[in-house]
Amino acid sequence: MKLYETVRHADAPTHHTPADVTFAGVDLRYPTGTLALSEVDLELSRGEFVAVLGASGCGKSTLLRLAAGLEAPTAGTVAVGPESTGVIFQSPTLLPWRSVRANVELSARLRGVGRAERRARVEAAIEAVGLTEFAAGLPGELSGGMRMRVSLARALALRPELMLLDEPFGALDDLTRLRMQEELLRLHTAHGFTALFVTHSVSEAVFLASRIVVMSPRPGRIVRIVDNPAAHPRTPGFRHEPGFHERVREVGTALNGVS
Ligand SMILES: Nc1ncnc2c1ncn2[C@@H]1O[C@H](COP(=O)(O)OP(=O)(O)OP(=O)(O)O)[C@@H](O)[C@H]1O
Ligand SMILES: [Mg+2]
């Protein structure tokens with residue numbers, strides 16, 4: 001049986017780089033008996049940006065937790081190549097009593113990165129997200145978008161080869177959200193990490209990703225993978241191109257077909 005359909009376009013890039021993350025025949029049943037994921041097959045190539053869309057409760061966060069090693073599959077296998085993984089949760093989970101700089105530094109310190117190297121990485125990551133002048137301030141003094149940028153910087157300071165992002169921009173206003181998408185693509189181009197990005201927004205998925213995974217309601221299965229071959233780096237103008245709107249329609253139709 002064909003588990004999902006891959007739609008390839010004539011100018012689609014071929015994914016010939018080694019796989020960074022491989023889900024093969026993955027089921028995940030929680031101890032409560034809930035089957036969250038069923039027969040998931042998915043491969044992420046090195047440096048690829050993949051978005052995941054699906055109804056609430058279909059297992060998207062579960063998929064990310066499997067890639068992060070926070071859950072183990074109850075059937076099948078999950079293989080993750082990179083040794084360094086950055087995880088960005090929906091809420092930034094910053095320590096309110098620590099400065100922006102100390103928050104960014106924390107995970108690198110917990111991973112045992114040496115002091116001098118850590119300092120250099122932290123300053124570079126804070127600069128990359130445009131928060132240098134706020135580095136000494138506390139998270140409570142920042143806007144929601146800025147707090148999310150601190151969370152991004154904290155993940156970047158780990159110099160991750162794999163970035164797992166769970167609806168990171170869901171709580172932001174529209175304008176900030178668009179800016180953050182552009183910033184994330186800029187960082188992706190600069191750092192070359194592999195990205196697995198969960199979202200509820202079709203247009204966000206189409207702007208960011210070169211492949212879009214559409215999942216069925218629970219138990220989550222991959223029903224379709226849509227190729228979105230527009231070359232990276234993408235500029236904000238991509239949102240006005242016919243190819244963008246075509247892809248939004250295509251992904252929207254696939255989602256409507258399963259929900
Ligand atoms: N720790 C857990 N124990 C038991 N069941 C869980 C656990 N975490 C998630 N579930 C269940 O697994 C299913 C998938 O949950 P998951 O959080 O992966 O969904 P999701 O697609 O991320 O949803 P949302 O879009 O609302 O964030 C849901 O039915 C949920 O109730
Ligand atoms: Mg979720």
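Please read these numbers as outputs of a predicted model, since none were measured by experiment.

Novice: Mind showing me how you'd approach the site of ligand 1 here?
Specialist: Around ligand 1 sit 16 residues, and of these Ser 56, Gly 57, Lys 60, Ser 61 and Thr 62 come closest. Here an oxygen atom of ligand 1 sits 2.9 Å away from a polar atom, N or O, in the side chain of Ser 61. Within the contact set of ligand 1, a nitrogen atom lies 3.3 Å away from a side-chain nitrogen or oxygen of Arg 65. The protein chains hide 67% of the 630 Å² of surface that ligand 1 would expose on its own. With four residues, helix H1 (residues 60-67) is the single largest residue contributor to the shell around ligand 1. Here the residues of the shell around ligand 1 sort into four nonpolar, eight polar and four charged.

Novice: Can you help me understand the sheet that holds strand E3 (residues 35-45) in this one?
Specialist: Sheet strands pair by backbone hydrogen bonding; their relative direction is either parallel or antiparallel. Spatially, the three strands line up as an open sheet ordered E3-E2-E5, and their pairing is antiparallel. Among the strands making up the open sheet, the edge pair consists of E3 and strand E5 (75-80). Looking at each pair of strands side by side, their axes are set apart by 15 degrees on average, direction ignored. Pairing analysis gives seven bridges linking strand E2 (residues 19-29) to E3, with the strands arranged antiparallel. Looking across to E3, one finds that Phe 23 is bridged to Leu 42. Contacting E2, E3 and E5, H1 runs over the sheet at an angle of about 125 degrees to E2.

Novice: Got a minute to help me understand the packing of helix H2 (residues 100-110) against helix H3 (residues 115-128) in this structure?
Specialist: Packed helices, taken two at a time, are described by the angle their axes make and the gap between the axes. Taken N-terminus to C-terminus, the directions of H2 and H3 make an angle of 130 degrees; their axes are 10 Å apart at the nearest point. When the axis of H2 is compared with that of H3, the two are oblique. Considering how the two elements wind past one another, H2 and H3 form a crossing that is right-handed. Contacts between H2 and H3 involve Val 100, Arg 101, Val 104, Glu 105, Ala 108 and Arg 109 from the first element and Arg 118, Arg 119, Val 122, Glu 123, Ala 125 and Ile 126 from the second. Here the residues of the contact of H2 with H3 are counted per class, giving six nonpolar, no polar and six charged.

Novice: Would you mind showing me how to read the side chain of Arg 149 here?
Specialist: Mapped onto the elements, Arg 149 comes out in helix H4 (residues 144-156). Despite its burial, Arg 149 pairs with no opposite charge, the nearest such side chain being Glu 183 at 4.0 Å. Setting aside chain neighbours within four positions, we find Arg 149 in contact with Val 129, Gly 130, Leu 131, Met 180 and Glu 183.

Novice: Could you clarify how one ought to interpret the nonpolar core in this entry?
Specialist: Within soluble globular proteins, side chains that are nonpolar generally end up buried alongside one another. Counting 48 residues, the largest nonpolar core has Phe 49, Val 104, Leu 156, Leu 184, Ile 212 and Val 251 as its most contacted members. No other element matches H4, which puts seven residues into this core. Each of domain 1 (1-83 + 166-259) and domain 2 (91-160) accounts for three or more of the residues forming this core. Contacts of Ile 212, omitting those with residues within four sequence positions, involve Ala 51, Leu 53, Ala 205, Val 206, Arg 224, Ile 225, Val 226, Asn 228 and Val 251. Judged by nonpolar contacts, the second largest core, of 25 residues, contains Tyr 30, Leu 164, Leu 196 and Val 198.

Conventions and cut-offs
- Residues numbered from 1 in each chain as written.
- Chains lettered and ligands numbered in written order.
- Predicted model: local features only at pLDDT ≥ 70, side-chain atom pairs only at ≥ 80, totals over all residues.
- Heavy atoms only, no water.
- Near = heavy atom within 4 Å.
- Polar contact = N/O pair within 3.5 Å; in protein donor to acceptor, adjacent residues only side chain to side chain.
- Areas by Shrake-Rupley, 256 points an atom, 1.4 Å probe, with all protein chains shown as cover.
- Helix = DSSP H or I, 4+ residues; strand = E, 2+ residues; numbered from the N terminus.
- Nonpolar A, V, L, I, M, F, W, Y, C, P; charged D, E, K, R; others polar.
- Pairing = 2+ DSSP bridges.
- Axes fitted to C-alpha atoms, helices over the stretch in contact; angles between N-to-C directions.
- Contact = heavy atoms within 4.5 Å.
- Parallel < 35°, antiparallel > 145°, perpendicular 65-115°, else oblique.
- Left-handed = near helix turned anticlockwise from the far one by under 90°.
- Buried < 20%, exposed > 50% of the residue type's maximum accessible area, 1.4 Å probe, protein only.
- Lys, Arg positive; Asp, Glu negative; His and termini not counted.
- Salt bridge = Lys/Arg side-chain N within 4 Å of Asp/Glu carboxyl O.
- Core = buried A, V, L, I, M, F, W, Y, C linked by side-chain atoms within 4.5 Å.
- Domains from an automatic or database assignment.

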